[in-house]
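Commentary on secondary and tertiary structure
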Protein chains: 2
Amino acid sequence: MSEPLHFVVKTKLVDVLERLGEGAALPPERVLAKEFGVSRWTMRQAIRELIADGRLRARQGQGTFVATPKLVQPLALVSYTEALRAQGHTPGREVVAFEEVIADVELAEQLKVAEGDPVHRLERVLFADGQPIGLETTHLSVARFPTLREVLEPTGSLYRCLTGRLGVRFGEGEELVETVIATPREAELLKATQSLPMLLLHRTSRDTDGRPIEAVRSLYRGDRVGFRATLRP
Amino acid sequence: MSEPLHFVVKTKLVDVLERLGEGAALPPERVLAKEFGVSRWTMRQAIRELIADGRLRARQGQGTFVATPKLVQPLALVSYTEALRAQGHTPGREVVAFEEVIADVELAEQLKVAEGDPVHRLERVLFADGQPIGLETTHLSVARFPTLREVLEPTGSLYRCLTGRLGVRFGEGEELVETVIATPREAELLKATQSLPMLLLHRTSRDTDGRPIEAVRSLYRGDRVGFRATLRP
DNA sequence: AAGTGGTCTAGACCACTCC
DNA sequence: GAGTGGTCTAGACCACTTG
């Protein structure tokens, strides 16, 4: 019949949160629960939703804080570095893995190679202003880009390397966007608590001849990032 | 043993779920919890994440079922009806509200009207194959479209009505995508349980002269829908 | 050592659907 | 009425951060 208690609490909490400024610390969960006359579970449910909405950030051992607004990333075939700089933020990258693996059925299909063929696998955490905001896994055919490991500065722009040194010309591409829940491993790499909604982007880029260049799987923190697409009629 | 228990349970549950077919009923939560030797809370956490991932669907009073794959919607300025039909699904619409309201600061800015000016507010639930998948709220200037209420078939395509009868030519547009948690009202209209991650799309469409046509806020069920964008270099 | 958020348990009651 | 998922409580222990 009526609204769930945790939603009523959430609504009241928004008022508290707006009176405090950005970055301000919230009282501890146990204190808030007592003040609002609810159990800690109910209070955590409300806080959990506000975190997913990007209004709060929790740091274990420290406290819960009023969050800054979400970043907005362009949904386009441009350099991550340039896109972030254009918005006045400082980009960063950290290589988690750069290895050769064997293409499975799905990957072979996407890159138009044979199952079992070697492919580069580059996994990097993307930072904005020192905060991890995304986890990007890129697969490229070794046969097509045999010199990639020597040519690519691992923390540099892959896009720049491909278009610059390797003479690749990007054509049309398709990107898929959906929400998923991060695995514990992904959450840890993104310094996020698990069971937080993420934005998952799938992309298979092609060159101007329609040949696949890369298969990319990017996982962005849903509480920190949004996307902008430019539509043409 | 650093992985949380609910994630271990989630992983095991995926196996169960894959052995059963699409649409099959899962055993009740209480039974599953006992079988896996965990509390109901832990089991529900695992199930909750699988629902968010689009792998399961829960229906109160009935049970939990293996879900069908997500729909993929184009992220473009095309008719919702046509986009769904092209994928072999049956589109549907239900009007929740069609009224005149007063523009607040934000809306006035988006539609380039004065604060306090009258605007149409059209709120509709979008269906695919009889299932509610989205909640679309559109605002248009009354001054610019004074005859809209007489001309528009409320369950018909607004896009078709604007481009057809009213002679509007759509130009470039921008769309913003982010994840949010639905309010209880929104969740109810979408027949979803609350605290489920949703995909929120904001769009302000402009005509070929750059004048604003409509301000749209579309909330899609993140467990049922994904989006596709076509990228140009 | 103290205090924070994160996970988990056992149990209760409510809301809904079907018989 | 019986059985389902949805909400909520009280309390416990763990993991992490800071003094």
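Residues numbered from 1 in each chain as written. Chains lettered and ligands numbered in written order. Predicted model: local features only at pLDDT ≥ 70, side-chain atom pairs only at ≥ 80, totals over all residues. Heavy atoms only, no water.

Named according to an unreviewed UniProt entry, chain A is GntR family transcriptional regulator originating from Kribbella soli.

Considering the protein's contact with DNA strand D
Condition: When at least one non-hydrogen atom of a residue lies within 4 Å of a molecule or strand, that residue is treated as near it. Under this definition, polar contacts are N or O atom pairs within 3.5 Å; protein pairs additionally need one hydrogen-donor-capable and one acceptor-capable atom, and for neighbouring residues in sequence, both atoms have to be side-chain atoms. Secondary structure elements are taken from DSSP: a helix is a run of H or I of four residues or more, a strand is a run of E of two residues or more, and numbering for both begins at the N terminus. Three classes are used: nonpolar for Ala, Val, Leu, Ile, Met, Phe, Trp, Tyr, Cys and Pro, charged for Asp, Glu, Lys and Arg, and polar for all others, with Gly counted as polar.
DNA strand D sits among 26 residues. The nearest are Leu5, Ser39, Thr42 and Gln60 of chain A together with Arg40 of chain B. Near the protein, within 4 Å, the atoms of DNA strand D are sugar or phosphate in 66% of cases. Side-chain polar atom of Thr64 of chain B to a phosphate oxygen of DNA strand D: 3.3 Å apart, as the coordinates give it. Those elements that place two or more of their residues in the surface near DNA strand D are α1 (5-19) and α3 (40-52) of chain A together with α2 (29-36), α3 (40-52), β1 (56-59) and β2 (63-66) of chain B. Class assignment for the residues of the surface near DNA strand D results in six nonpolar, 13 polar and seven charged.

Points about the sheet that holds strand β7 (residues 170-181) of chain B
Here is the rule we go by: Whether two strands pair comes down to DSSP finding at least two bridges between them. Interaxial angles span 0 to 180 degrees and are taken between N-to-C directions of axes, which are lines fitted to C-alpha atoms, for helices over the stretch in contact.
Reading across from one edge, β3(A)-β10(A)-β7(B)-β8(B)-β9(B)-β6(B)-β5(B)-β4(B) is the order of the eight strands in this open sheet, with mixed pairing throughout. Every interior strand has two partners, whereas the edge strands, β3 (71-74) of chain A together with β4 (91-102) of chain B, have only one. Taken over all neighbouring pairs, the strand axes of this sheet differ in orientation by 20° on average, direction set aside.

Re the protein's contact with DNA strand C
Lining the immediate environment of DNA strand C, one finds 26 residues, of which Arg40 of chain A together with Leu5, Ser39, Thr42 and Gln60 of chain B sit closest. Taken together, the sugar and phosphate atoms account for 66% of what DNA strand C places within 4 Å of the protein. Arg44 of chain A has a polar side-chain atom sitting 3.0 Å from a phosphate oxygen of DNA strand C. It is α3 of chain B that provides the largest number of residues to the surface near DNA strand C, a total of three residues. Residues that form the surface near DNA strand C fall into these classes: six nonpolar, 13 polar and seven charged.

A closer look at the sheet that holds strand β8 (residues 197-207) of chain A
Overall, mixed pairing links the eight strands, which are arranged β4(A)-β5(A)-β6(A)-β9(A)-β8(A)-β7(A)-β10(B)-β3(B) in an open sheet. This sheet does not close on itself; its edge strands, each paired only once, are β4 (91-102) of chain A together with β3 (71-74) of chain B. The mean inter-strand angle of the sheet, taken between neighbouring strand axes irrespective of direction, is 20°. As paired elements, strand β7 (residues 170-181) of chain A and strand β10 (residues 225-231) of chain B share five bridges and run antiparallel to each other. If you follow Glu174 of chain A over to β10 of chain B, its bridge partner there is Thr230 of chain B.

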